[in-house]
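Structural overview
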Amino acid sequence: MAKTNITRSWREQKVMLKRRFTFLSDKDFDFKDEQKEIMLDNLAIKLKKTRAELESLFAELQTY
């Protein structure tokens, strides 16, 4: 999995995703300590996307 240069804050990315996918809630983005990968996997499932597609979506958010 390629790392993307992050220029937007996590908060900005969450807001942008919630606007694009109105069924997402703050709870969908909650994670504790080392559980970020689990949160991302759950987010991919909820959005019906692969992890690669989800990574591409986050990369796309960096271009706005």
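Our structure's up above, just so we're on the same page.
Here is a short report on the structure shown in this document.

Turning to the overall build of the chain, a few remarks are in order. Regarding its fold elements, the chain presents three helices and zero strands. Shown N-terminal to C-terminal, the secondary structure of the chain runs as helices and strands in the order α-α-α. Relative to its length of 64 residues, the chain is compact, with a C-alpha radius of gyration of 11 Å against a globular reference of 11 Å. Principal-axis analysis of the C-alpha atoms gives the chain an extent of 25 × 25 × 25 Å. For the chain, buried positions account for 31% of its 64 residues. Across the chain, the fraction of contacts at a sequence separation of at least 24, relative to all contacts at a separation of at least 6, is 44%. Taken as a whole, the chain presents about 4800 Å² of accessible surface, with 51% of it coming from carbon and sulfur.

A few words now on the environment of Leu61. Tracing the backbone through its elements, the reader meets Leu61 in helix H3 (residues 51-61). A relative accessible area of 2% places Leu61 in the buried class. With 11 residues separating them along the chain, Leu61 and Thr50 place their C-alpha atoms 17 Å apart. Leu61 has contacts with Arg8, Gln13, Met16 and Leu17, leaving out every residue within four places of it along the chain.

Turning to the nonpolar core, a few remarks are in order. Judged by nonpolar contacts, the single largest core of 14 residues is most densely connected at Leu17, Leu24, Leu43, Leu47, Leu54 and Phe58. Considering each element in turn, this core owes the most residues, five residues, to helix H2 (residues 36-47). Once you skip the residues sitting within four places of it in the chain, Leu17 turns out to touch Leu24, Phe29, Leu43, Leu57, Phe58 and Leu61.

Two elements in contact, H2 and H3, have axes whose closest approach is 9 Å; the angle formed by their N-to-C orientations is 95 degrees. In this view, H2 runs roughly perpendicular relative to H3, as classed from their interaxial angle. Along its contact with H2, which presents Glu37, Leu40, Asp41, Leu43, Ala44 and Leu47, the element H3 presents Arg51, Leu54, Leu57 and Phe58. Looking at the contact of H2 with H3 residue by residue, the classes come out as seven nonpolar, no polar and three charged.

Reading guide: rules and limits
Residues numbered from 1 in each chain as written. Predicted model: local features only at pLDDT ≥ 70, side-chain atom pairs only at ≥ 80, totals over all residues. Heavy atoms only, no water. Helix = DSSP H or I, 4+ residues; strand = E, 2+ residues; numbered from the N terminus. Rg over C-alpha atoms; globule rule 2.2 N^0.38 Å. Buried < 20%, exposed > 50% of the residue type's maximum accessible area, 1.4 Å probe, protein only. Contact = heavy atoms within 4.5 Å. Areas by Shrake-Rupley, 256 points an atom, 1.4 Å probe, with all protein chains shown as cover. Core = buried A, V, L, I, M, F, W, Y, C linked by side-chain atoms within 4.5 Å. Axes fitted to C-alpha atoms, helices over the stretch in contact; angles between N-to-C directions. Parallel < 35°, antiparallel > 145°, perpendicular 65-115°, else oblique. Nonpolar A, V, L, I, M, F, W, Y, C, P; charged D, E, K, R; others polar.

These figures come from the coordinates and say nothing about function on their own.
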